[in-house]
Amino acid sequence: MSRSLCALILVLLAASCGGGSKIPPRDLDNACSIAKQRPDYIKAFKKTERKWGVPVHVQMATIYQESRYRAEARTPHKYVLGVLPMGRQSSAYGYSQALDGTWKEYKKETGRSSAKRDRIRDASDFVGWYMTISRDRNGISLGDARNQYLAYHEGHTGFARGSYNSKTWLLRTADNVAARADMYRRQIASCPRRF
């Protein structure tokens, strides 16, 4: 066997062992399957639920909507003249699609200076922190996936102003988040000993 072939096999083996949790689970429509494939996700969601009170199914539906569980998700590029890339649409990044400024505020307020947006435990904690503020500022129940998502997308001030009311696409998306959260909640209740 040639050296280059051996090197290629070693690289493929290392990649298959090391970076697995950054790859989204295969069946994103099944909470039990997600739990089986990524027990670290569920551990993070449960820790966040204990710490902040945000139910696991609400976190799961929000992260699904924001990144489809892609650790390094980013917003699309903006283009000039339809062809020249000119940066991203926003600074949103990672599982939770947290913006640079909001992530900086989260790290400062929680003392989690080493938190990273592409780590599920940090993204989950961020969602819990943000939704707790939404509850405190806007009176949104932590179990209300629809309105929590609207506040998550529009910001606390935007939600208070009702900026989402003129965005029919966003209202549909929030309804989808609520439906997914309900689906995950029902599935979690029937998962064999993973939650």
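Whatever comes next refers back to the structure up there.
Not measured: the values here are computed from a predicted model.

Draft legend 1. Just helix 3 (residues 39-52), in detail. Spanning 14 residues, helix 3 covers 20 Å between terminal C-alpha atoms, matching the ideal 20 Å at 1.5 Å per step. Buried within helix 3 we find Tyr41, Ile42, Ala44, Phe45, Thr48 and Trp52. The arc that holds the buried residues of helix 3, viewed along the axis, is 160°, so those residues lie on one side. Counted as exposed and oriented over 90 degrees from the buried face of helix 3: Pro39, Lys43, Lys47 and Arg50.

Draft legend 2. Inspection of the layout of surface pockets at higher detail. Estimated volume of the second largest pocket: approximately 310 Å³. Along the wall of the second largest pocket there are 16 residues; nearest its centre are Asp40, Ala44, Arg119, Ile120 and Arg121. Considering every element that reaches the lining of the second largest pocket, the biggest residue donor is helix 3, with 7 residues. By residue class, the composition of the lining of the second largest pocket is 4 nonpolar, 2 polar and 10 charged.

Draft legend 3. Up close: the environment of Glu109. By the secondary structure assignment, Glu109 is in helix 5 (residues 100-110). Through-space distance from the C-alpha of Glu109 to that of Trp129 is 9.5 Å; in sequence the pair is 20 residues apart. Glu109 has contacts with Trp129 and Ile133, leaving out every residue within four places of it along the chain. At 3.4 Å, the side chain of Glu109 and the side chain of Trp129 are in polar contact.

Draft legend 4. Region of interest: the pattern of salt bridges. Across all of its chains, the model carries 11 salt bridges by this definition. Note that Arg180 and Asp29 form a salt bridge whose closest N and O atoms lie 2.8 Å from each other. Taken together, the positions of Arg180 in helix 8 (residues 168-190) and Asp29 in the loop between helix 1 (3-18) and helix 2 (31-37) put the pair 151 residues apart, joining distant regions of the chain. The partner of Glu154 in a salt bridge is Lys167, with the nearest N and O atoms 2.8 Å apart. Taken together, the residues Glu154 in helix 7 (residues 145-161) and Lys167 in the loop between helix 7 and helix 8 connect sequence positions 13 residues apart.

What counts as what
Residues numbered from 1 in each chain as written. Predicted model: local features only at pLDDT ≥ 70, side-chain atom pairs only at ≥ 80, totals over all residues. Heavy atoms only, no water. Helix = DSSP H or I, 4+ residues; strand = E, 2+ residues; numbered from the N terminus. Expected span 1.5 Å × (residues − 1). Buried < 20%, exposed > 50% of the residue type's maximum accessible area, 1.4 Å probe, protein only. Arc of directions from axis to C-beta. 1 Å grid on protein atoms, 1.4 Å probe; cavity = no way out; pocket = protein on both sides within 12 Å on 5 of 7 lines; lining within 4 Å. Points joined across faces, edges and corners; volume = space filled by probe spheres on them. Nonpolar A, V, L, I, M, F, W, Y, C, P; charged D, E, K, R; others polar. Contact = heavy atoms within 4.5 Å. Polar contact = N/O pair within 3.5 Å; in protein donor to acceptor, adjacent residues only side chain to side chain. Salt bridge = Lys/Arg side-chain N within 4 Å of Asp/Glu carboxyl O.

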